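Here is how the chains run, residue by residue.
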Amino acid sequence: MVDENGNVTTPDPAANGADNQPQIGIISQYVKDLSVENPNAPDVYQWESQPQIDVQFNIGSSPVSDEVHEVELKINVVAKADQGVAFQVELLYCGLIGMRNVNDEQAHPFLFAEAPRILFPFARAIISDAVRDAGFQPLLLEPIDFTALYIQQREQQAASAAEQPVGNA
């Protein structure tokens, strides 16, 4: 807050020490599941064609308690060449998010856009290391605009809800 003299002040604490200010924070991050497959080793190292890389990702969130949510960033990477699968990496990377005094209208975008944005660089490094450790060049995933994807998905959900007939005709 700014007073009439332009000085920044802190709000008065709530009665009886009540905590009513919105707070969000990352409590911890962790690998929940990691699978690395190199099914055609050692032959794969002799293949001359470049594999096609397919990257799929999914975001999930579930409450752990009233003030803690687990955000899951699931990334599946498959590299296929004419001869077969070169490698496959599946990662389920999670973060525990603490939220207090945050309404659903603000919590949802944080859990499905901002938290994945925060978690992604760590998941990206794990995938890069896993691919390198499987004997391939490190795979550097492109940055993802989670906010734009969130907005796009919400617009698609709104459009499909508008197309749904209501009642029986």
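Before reading further, recall that the structure is shown in the block above.
Since the structure is predicted, the reported quantities are computational estimates derived from the model, not experimental observations.

Right, let's talk about unusual backbone geometry for a bit. Excluding glycine, residues mostly carry a negative phi; peptide bonds, for their part, are mostly trans. Looking along the chain, the bond that leaves Ala 41 and enters Pro 42 is cis, with omega of 5 degrees. Within the element layout of this structure, Pro 42 appears in the loop between strand S1 (23-37) and strand S2 (52-63). In this model, Asn 101 sits at a positive phi of 60 degrees, which is unusual for a non-glycine residue. Mapping Asn 101 onto the fold places it in the loop between strand S4 (84-100) and helix H1 (104-133).

With that settled, consider the environment of Gly 84. Mapped onto the elements, Gly 84 comes out in strand S4. Exposure remark for Gly 84: the relative accessible area of 21% places this residue in the partly exposed category. Taking the C-alpha atoms as reference points, Gly 84 and Pro 39, separated by 45 residues in sequence, lie 8.9 Å from one another. The residues contacting Gly 84, other than those within four sequence positions of it, are Asn 40, Trp 47 and Ala 79.

On to the environment of Phe 112, then. By the secondary structure assignment, Phe 112 is in helix H1. Measuring from C-alpha to C-alpha, the distance between Phe 112 and Ser 61 comes to 7.4 Å, with 51 residues separating the pair along the chain. Apart from the residues lying within four places of it in its own chain, the contact partners of Phe 112 are Ile 59, Gly 60, Ser 61 and Tyr 150.

Procedures and definitions
- Residues numbered from 1 in each chain as written.
- Predicted model: local features only at pLDDT ≥ 70, side-chain atom pairs only at ≥ 80, totals over all residues.
- Heavy atoms only, no water.
- Helix = DSSP H or I, 4+ residues; strand = E, 2+ residues; numbered from the N terminus.
- Buried < 20%, exposed > 50% of the residue type's maximum accessible area, 1.4 Å probe, protein only.
- Contact = heavy atoms within 4.5 Å.

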